[in-house]
Amino acid sequence: MSFVPIVCGKKDWDKEYEQSAQYNSLYCPNCHNYNVRPVKRREFIAIWFIPVFPFFVGKQLVCPVCNWRQDFKNDEQLQKVVKEQSNIRQGKVGA
Ligand SMILES: [Zn+2]
């Protein structure tokens, strides 16, 4: 009889956000590139590489360059970030 360990791990993936095309060049405060885009983030506990139990489902801004991530709750919050960012680009911070 052979012993088969249960392989338990984590499986996660990013799904494209609906408005990704519109918001795919946001500013990354970590690496200062304009590559940040919104994604739907899902993380599951996986047994034998099969996702069985979700422990995080949410929306995040992701930088593909440095893997910086920030959660956001809804479109309203995303719009706010986008607006703030357009101010940063135009050099109107603090004005
Ligand atoms: Zn970055």
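The structure presented is a predicted model; accordingly, all values stated were derived computationally and were not measured. (Residues numbered from 1 in each chain as written. Predicted model: local features only at pLDDT ≥ 70, side-chain atom pairs only at ≥ 80, totals over all residues.)

Draft legend 1. Geometry of the overall build of the protein chain. In terms of regular secondary structure, the protein chain is built from one helix and four strands. In sequence order, the secondary structure elements of the protein chain are arranged as β-β-β-β-α. Relative to its length of 95 residues, the protein chain is extended, with a C-alpha radius of gyration of 18 Å against a globular reference of 12 Å. Each principal axis of the C-alpha distribution contributes one length, and for the protein chain these read about 70 × 25 × 20 Å. Of all 95 residues assigned to the protein chain, the portion counted as buried reaches 8%. The contacts in the protein chain between residues at least 6 apart in sequence include a share of 50% that link residues at least 24 apart. (Helix = DSSP H or I, 4+ residues; strand = E, 2+ residues; numbered from the N terminus. Rg over C-alpha atoms; globule rule 2.2 N^0.38 Å. Buried ≥ 20, exposed ≤ 12 C-beta atoms within 10 Å, placed from the backbone. Contact = placed C-beta atoms within 7 Å.)

Draft legend 2. Highlighting the sheet that holds strand β1 (residues 8-16). The four strands are arranged β1-β2-β3-β4 in an open sheet whose pairing can be described as antiparallel. The sheet is open, and its two edges are formed by β1 and β4 (69-72), each paired on a single side. Adjacent strand axes in the sheet meet at a mean angle of 45 degrees when their direction is disregarded. Bridging between β1 and strand β2 (residues 37-47) involves nine bridges; their strand directions are antiparallel. Across the sheet, residue D12 finds its bridge partner in β2, namely E43. (Pairing = 2+ DSSP bridges. Axes fitted to C-alpha atoms, helices over the stretch in contact; angles between N-to-C directions.)

Draft legend 3. Representation of unusual backbone geometry in the model. At H32, a position not held by glycine, the phi torsion is positive, near 65 degrees. Checked against the element boundaries, H32 lands in the loop between β1 and β2. Its identity as a non-glycine residue notwithstanding, F49 has a phi of 65 degrees, on the positive side. Relative to the helices and strands, F49 resides in the loop between β2 and β3 (50-62).

Draft legend 4. The nonpolar core, seen in detail. Membership of the largest hydrophobic core is limited to five residues, which are L26, V36, L61, V62 and C63. Discounting residues that sit within four places of it in the chain, L26 has contacts with Y34, V36, R37, L61, V81, V82 and Q85. (Core = buried A, V, L, I, M, F, W, Y, C linked by C-beta atoms within 7 Å.)

Draft legend 5. Summary view of the confidence of the model for the protein chain. Taken residue by residue, the protein chain gives an average pLDDT of 85. The fraction at 70 or more is 92%. Mean pLDDT in the protein chain bottoms out at helix α1 (residues 75-89), which sits at 84, and peaks at β4, which reaches 93. (pLDDT = per-residue confidence, 0-100.)

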